[in-house]
Amino acid sequence: MSDESTPTESTTPAPAPAARAVIHEGLPTQLPDIDPDETNEWIASFDAMLDDRGRERARYVMLRLLERAREKQVGVPALRSTDYINTIPPEREPWFPGDEEVERRIRAFIRWNAAVMVSSANRKGLEVGGHIATYQSSASLYEVGFNHFFRGKDHPGGGDQLFIQGHGSPGIYSRAFLEGRLTEEQLYRFRQEVQHGVGAGLPSYPHPRLMPDFWEFPTVSMGLTGINSIYQARFNRYMHNRKIKDTSQQRVWAFMGDGEMAEPESLGAIRIAAREELDNLTWVINCNLQQLDGPVTGNGKIIQELEANFRGAGWNVVKVIWGREWDALLAKDVDGVLVNRMNTTPDGQFQTYSTEDGGFVRDDFFGADPRLRKMVEHMSDSQIEKLPRGGHDYRKVYAAFDAATKHVGQPTVILAHTIKGWTIDALEGKNATHQMKKLTPEDLKKFRDRLYLPISDRDLEESYEKTGGAPFFHPGQDSPEIEYMMERRKQLGGSVPRRVLRASSLKLPGDETYGELKQGSGKNKFATTMAVVRLLRDWMKNPEIGDRLVPIAPDEYRTFGMDSMFPSAKVYNPGGQQYDPVDRKMLLSYKESTQGQMLHEGISEAGAMASATAAGSAYSTHGEHMIPFYIFYSMFGFQRTGDSIWAMADQLARGFLIGATAGRTTLTGEGLQHADGHSPLIAATNPAVVHYDPAYAYEVAHIMQSGLERMYGADAENVIFYITVYNEPVSMPAEPDDVDVEGILKGIHQVGTAEGDGPRVQLMGSGVGMPWVSEAAQILADEWGVRADTWSVTSWNELARDAVAAEQHNLLHPTDAKRTAYVADKLAGVSGPVVAVSDYMRAVPLQIARWVPGDYRVLGADGFGFADTRPAARRFFNIDAQSVVVQALQALADAGEIPAEKVAEAAAKYRIDDPTAVKDVKQEGGDA
């Protein structure tokens, strides 16, 4: 009798097919197997090899098969990482053209001076900090470049651009000292920039603004080096393709640390470099496996992780992991056991090996397998301890740099394995190296001995007694080392880094260019955004500066009404336009071109800022004036990319930043995160940024003309013009015959004077707030018998800066005639309280409160934004015309000029506490 649970032959279901992944590692595994027997033979053969020869041999054969498949153009996915060994094998290394022993001595001199500089800066009573270990780990990386690759400004091709890792600045100063560019006194004054006289010391990091003849690129804001160097290389191609300058022989070199790669900006734009085939770009990542307080990734392998990132993004990756002493060991590794050990040892353990003796490394690294122990049985513990990392081997680094400069079609990243604090026994590989700022006399003696420097103990001791620190070392201008390094720099085009100014002056457009904007809008309305864009179009037609303009937008050209430029200026694309655009039959079709003028950065404000920085500093990097015109949602400028704008200022770049759709209530349909109520405040923190908030087209004309003259005129200033404009159409008055141009540019001018007697107030507004001020003045006159003078404040920031400067002058010159604030002078003698309103939070107009004579009341859009109509938002924030009216009446009541009941009557009449009171008020032009 059969069990019911036992299936009979007639009820047995067919076996289910094994589950298969549809996609695995990029391979479409759902394809049918057309010859299962053959497939099984291959699998059986692989299993047999695995059982007989082990995993290492099986892995090697699989790698060779993948390599062969790619050679035969069989579509298999690329490996995300390769073995933890050098990309360039010994047999492919180029001949080294230099004198390695002389260059070793040069490195020793620079290493010593760099360490002494920082240590001396931390002598008792000074202690200003610094970083010793970073340069020590990267010295060979820089010196290979300085002696063989980095081309200076005098090179016929124009010279390279170097982004130096910020913490490595002491080494760069030390080389400049040997070259005679800096004095010993300046080295002693590291991080002491004012106490010996302004400019008499050295800044901590690469700061062009602080050292404008030396540094070109500010790099210590972690992560910005990555994205800025990519867009610098891209801008070099842009200049070349547009035939403004031949940049074909110029290369961008960017030095970064492996810990710095955690910053989003470091890796965020690497696909751009690959997509545009920027083979003029080389990154050198100093992989000392340490960040500030410990390992970058102790349980992992940061070099392998970075290799996967860059290979996946389309870069050429060159790994420099082991020095030449490892070559003989790797040659013995016939079964791959050493490579496997290298592959599986985590970074944290490699860091430990850098701090332990050779006996520990023999037991822990080589002792895990008898085949490994046998490889090093002929070596002493001392020899094992000295097995070097590749980033310290001059020939390995040279091979990597040489390969990078010869590679075509891809950007190159060099991943160099180093030890932090290399050659300084007190620092090597220790977690605390970032915080170790000072070396004891004993530490320095060991360091001196390791570098074989001819400095006696007596010299050290005397220097400590005299200066509190060790002596700097210079072998003399006639020494073989100095002659060698100077000759190498001469052959390569002069010393680097070096910033030079050689751009020819521009002939700027005349007054007639601005005439159209000064006529106003007549019966029509338009927004200040359109006024700015209209002027840009006129500039681009100008034969003198038209080609110099670089329009930049992060995927919002149409939003700002700039699509009319597509057919003529075209969008820059190094590959041209290889497709038929979907709107090709339209008049304003999207046009791309190799010679395109417009930089369309996609949804990347960070990328757009990097382009603006590259364009704005072209006058120094390339000797060609370029005028960046970066237009963006105002909220996504200073709030999102404020650090990049700061770096742009430090780089002494110039140009226009246009904060469009500005204000907290002009783009309310978009909601909270698009509502800019505070960008002028952030702009005020940047000393190089000149902010204007114009209300009228004629103000825009004078401000833009002033910007051109101040940034590109005969006495050019290193400033950036930030102009906030709005998407709300308003009636634009024509320019008055007696227009106060000085007032417009300084920040305030009177636009209306009330006639007649009665209580009087002063109403001030900026930007889109001026229509509220004008309407409020009319209501006050018609309904309350109050006379209101009106003022357009084009820049709260500039008024505040002027006032602060006046007070600073008075503080420093107490016996001189007192200076007064411009705003105080303009308002001197006016009657009545002053009421200010803007589409920003109150803190913006409150910047000038101290210098406004009399009673000063401020209305602003404090708090978070939201989505609704403009009338509703302005009533909610109490910044509309009716709220201005009530505020003016309240100020007059407080002064005893009108009864308090009038204020209550007005508040109730206008329902200023109730946004529903304006629910039926229509708006126009509210789209984003």
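On to the overall build of the protein chain. For the protein chain, the count of helices and strands is 34 helices and 20 strands. Projected onto the principal axes, the alpha-carbon positions of the protein chain cover approximately 105 × 105 × 60 Å. By residue count, 56% of the 928 residues in the protein chain fall in the buried class. By sequence separation, contacts in the protein chain at least 24 residues apart represent 77% of the contacts at least 6 residues apart. In the form shown here, the protein chain has an accessible surface area of approximately 39,600 Å², with 50% of it arising from carbon and sulfur atoms. Between the centroid of the 98 positive side chains of the protein chain and the centroid of its 127 negative side chains there is a distance of 3 Å.

Next up on the list: the pattern of salt bridges. Per the stated rule, a full pass over the model turns up 49 salt bridges. The closest approach of N and O atoms between Arg 362 and Asp 381, which form a salt bridge, is 2.9 Å. Pair noted here: Arg 362 is in helix α14 (residues 358-366) and Asp 381 is in helix α16 (residues 381-385), with a separation of 19 residues, a long-range link. We classify Asp 381 as partly exposed; its relative accessible area is 36%. Arg 458 is paired through a salt bridge with Glu 462; the nearest N and O atoms lie 3.0 Å apart. Remark: Glu 462 and Arg 458 occur in helix α19 (residues 457-467); sequence separation between them is four residues, near one turn of the helix. Looking at Arg 458, the relative accessible area reads 61%, which means it is exposed.

Below, the discussion takes up the sheet that holds strand β5 (residues 281-287). The strand order across the open sheet built from five strands is β3-β4-β5-β7-β6, with neighbouring strands paired in parallel fashion. This sheet does not close on itself; its edge strands, each paired only once, are β3 (161-163) and β6 (316-320). Each neighbouring strand pair of the sheet contributes to a mean axis angle of 15 degrees, computed without reference to strand direction. Examined bridge by bridge, β6 and strand β7 (residues 412-417) share five bridges and lie parallel to one another. Paired with Val 317 across the strands is Val 413, a residue of β7. Against the sheet, helix α4 (residues 133-148) touches β3, β4 (252-257), β5 and β7, its axis set at about 150 degrees to β5.

Pairing within the open sheet is parallel, and its six strands lie in the order β11-β8-β12-β13-β15-β14. Two strands close off the open sheet at either side, each with one partner strand: β11 (599-600) and β14 (689-692). Two elements, strand β13 (residues 655-660) and strand β15 (residues 720-724), share five bridges in a ladder whose sense is parallel. In the strand pairing of β15, Gly 655 is matched with Ile 720. Here helix α23 (residues 605-616) sits on the sheet in contact with β8 (549-553), β11, β12 (627-633) and β13, set at roughly 160 degrees to β12.

All right, on to a negative patch on the surface then. A cluster of acidic side chains, namely Asp 33, Asp 35, Asp 37, Glu 38 and Glu 41, defines a negative patch on the protein surface. With respect to the element layout, Asp 35 can be found in the loop between β2 (27-28) and α1 (36-53).

On to the nonpolar core, then. Among the nonpolar cores identified, the biggest contains 109 residues, and Phe 656, Leu 763 and Met 764 are the most heavily contacted of them. At nine residues, the largest contribution of residues to this core is made by helix α27 (residues 697-712). In this structure, Met 764 is in contact with Ile 748, Val 773, Trp 791, Val 793, Trp 796, Leu 827, Val 834, Val 835, Ala 836, Val 837 and Ile 848, ignoring residues within four places of it in sequence. Within the second largest apolar cluster, 70 residues are counted, among which are Val 284, Ile 414, Phe 473 and Val 496.

Below, the discussion takes up the packing of aromatic side chains. Inspection of the entire model under this criterion finds 52 aromatic pairs. Geometrically, the ring pair formed by Trp 784 and Tyr 910 is edge-to-face, given 6.5 Å between the ring centres and 75 degrees between the ring planes. Of this pair, Trp 784 sits in helix α29 (residues 770-784) while Tyr 910 sits in helix α34 (residues 900-910); the two residues are 126 residues apart in sequence, bridging distant segments of the chain. In this structure, Trp 784 and Tyr 910 share a single accessibility class: buried. Here a set of aromatic residues connected by ring pairs shows up, and it is made of Phe 96, Tyr 135, Tyr 142, Phe 146, Phe 149, Phe 150, Trp 253, Phe 255, Tyr 394, Tyr 398 and Phe 401.

Right, let's talk about the confidence of the model for the protein chain for a bit. Scored by pLDDT, the protein chain has a mean of 91; 95% of the residues are at 70 or more. Taken as a whole, residues 1-29 scores under 50 in pLDDT and shows 16 contacts with residues more than four places along the chain or in a different chain.

Glancing now at the environment of Ile 302. Within the secondary structure, Ile 302 is located in helix α10 (residues 302-313). Each C-alpha atom of the pair Ile 302 and Ala 754 lies 71 Å from the other, and the pair is 452 residues apart in sequence. If sequence neighbours within four positions are ignored, Ile 302 has contacts with Asp 258, Leu 289, Val 296, Thr 297 and Asp 347.

Taken across its eight residues, helix α12 (residues 337-344) has six buried, putting it largely inside the fold. Looking at α12, one finds that the buried residues are Val 337, Leu 338, Val 339, Arg 341, Met 342 and Asn 343. Looking at the packing, one finds that the buried side of α12 touches α2 (55-71), α11 (327-332), α13 (347-353), α14 and α15 (370-375).

A separate point is the pairing of β7. Of all six residues in β7, six are buried, a share of seventy percent or more. Burial of the side chains of β7 extends over both faces: Thr 412, Ile 414 and Ala 416 are buried on one face and Val 413, Leu 415 and His 417 on the other. In terms of strand pairing, β5 meets β7 through six bridges, oriented parallel. Bridge pairing in β7 places Val 284 opposite Ile 414.

Let's shift gears to unusual backbone geometry. Here the bond from Val 496 into Pro 497 is cis, since omega is -5 degrees, no more than 30 degrees from zero. By the secondary structure assignment, Pro 497 is in the loop between α20 (480-492) and α21 (515-518). Phi angles above zero are rare outside glycine, and Glu 127 is one such case at about 45 degrees. Among the secondary structure elements, Glu 127 is positioned in the loop between α3 (100-120) and α4. One non-glycine residue, Leu 289, lies in the positive phi region at around 70 degrees. According to the relative accessible area criterion, Leu 289 is buried, its value standing at 2%.

Packed helices, taken two at a time, are described by their axes: the angle between them and the distance between them. Two elements in contact, α3 and α4, have axes separated by 10 Å at closest approach and are oriented at 130 degrees. Looking at the two axes, α3 sits oblique to α4. Considering the relative orientation of α3 and α4, their crossing is right-handed. Taking contact as the criterion, the partners of Glu 103, Ile 106, Arg 107, Ile 110, Arg 111, Ala 114 and Ala 115 in α3 are, on α4, Tyr 135, Gln 136, Ala 139, Ser 140, Glu 143, Asn 147 and His 148.

Residue placement: Gln 232 occurs in helix α7 (residues 224-241). The residues contacting Gln 232, other than those within four sequence positions of it, are Gln 161, Phe 163, Phe 217, Val 252, Ala 614, Thr 621 and His 622.

As a further point, take the environment of Val 116. Of note, Val 116 is situated in helix α3. In this structure the C-alpha to C-alpha distance between Val 116 and Gly 469, which are 353 residues apart in sequence, comes to 7.3 Å. Val 116 has contacts with Leu 444, Ala 470, Pro 471 and Phe 472, leaving out every residue within four places of it along the chain.

Let us look at the packing of α29 against helix α33 (residues 881-894). Their axes nearest at 8 Å, the elements α29 and α33 cross at an angle of 55 degrees. With respect to α33, the element α29 is oriented oblique. Handedness of the α29/α33 crossing: right-handed. In this structure, α29 contributes Trp 772, Glu 775, Ala 776, Ile 779, Leu 780 and Trp 784 to the contact, and α33 contributes Ala 881, Gln 882, Val 884, Val 885, Ala 888 and Leu 889. When grouped by side-chain class, the residues that make up the contact of α29 with α33 number ten nonpolar, one polar and one charged.

So, about α29. Across its 15 residues, α29 extends 20 Å between first and last C-alpha, which sits within 8% of the 21 Å expected from 1.5 Å per residue. With its phi angle positive at about 70 degrees, Gly 785 sits one or two positions after the end of α29.

We now examine the environment of Val 884. Summarising the element assignment, Val 884 is placed in helix α33. Sequence separation of Val 884 and Ala 615 is 269 residues, and the distance between their C-alpha atoms is 43 Å.

The rules behind each value
- The written sequence of each chain sets the order in which its residues are numbered from 1.
- Owing to the predicted nature of the model, reporting of local features is limited to residues with pLDDT of at least 70; listing and counting of side-chain atom pairs is limited to 80 or more, with chain, interface and lining totals taken over all residues.
- Hydrogens are left out, water is left out, and the side-chain values use all remaining heavy atoms of the structure.
- Every helix listed is a DSSP run of H or I at least four residues long, and every strand listed is a run of E at least two residues long, numbered separately from the N terminus.
- Note on classification: 1.4 Å probe, protein chains only; a residue is buried when its accessible area is under 20% of the maximum for its type, exposed when over 50%, partly exposed between these limits.
- Note on definitions: a residue-residue contact is assigned when non-hydrogen atoms from the two residues lie within 4.5 Å.
- Residue-level accessible areas treat just the shown protein chains as cover; the underlying method is Shrake-Rupley with a 1.4 Å probe.
- Positive residues here are Lys and Arg, negative ones are Asp and Glu, while His and the chain termini are left out of the count.
- Working definition for charges: the position is that of NZ of Lys, CZ of Arg, CG of Asp or CD of Glu.
- Should a side-chain nitrogen of Lys or Arg be within 4 Å of a carboxyl oxygen of Asp or Glu, the pair is scored as a salt bridge.
- Pairing between strands is defined by DSSP: at least two bridges between the two strands are required.
- To obtain an axis, a line is fitted to C-alpha atoms, over the contacting stretch when the element is a helix, and the angle between two such axes runs from 0 to 180 degrees between their N-to-C directions.
- Every patch collects residues that have over 30% relative accessible area and no salt bridge, joining them within 9 Å if they carry like charges and within 5 Å if they are nonpolar side chains (Val, Leu, Ile, Met, Phe, Trp, Tyr).
- Put simply, buried Ala, Val, Leu, Ile, Met, Phe, Trp, Tyr and Cys residues joined by side-chain atoms within 4.5 Å make one nonpolar core.
- Aromatic pairs are defined between Phe, Tyr and Trp rings, using the six-membered ring for Trp, whenever the two ring centres lie within 6.5 Å; interplanar angles under 30 degrees are classed as stacked, those over 60 as edge-to-face, and all others as tilted.
- A residue's pLDDT is simply how confident the predictor is in it, with values from 0 to 100.
- Any angle that falls under 35 degrees is termed roughly parallel, while one over 145 is termed roughly antiparallel, one within 65 to 115 roughly perpendicular, and all others oblique.
- The sense of a crossing depends on the near helix, which, turned anticlockwise from the far helix by less than a right angle, makes the crossing left-handed and, turned clockwise, makes it right-handed.
- Residues were grouped as follows: Ala, Val, Leu, Ile, Met, Phe, Trp, Tyr, Cys and Pro as nonpolar; Asp, Glu, Lys and Arg as charged; and all remaining residues, including Gly, as polar.
- Helices are assigned an expected span. That span is 1.5 Å times one less than the residue count.

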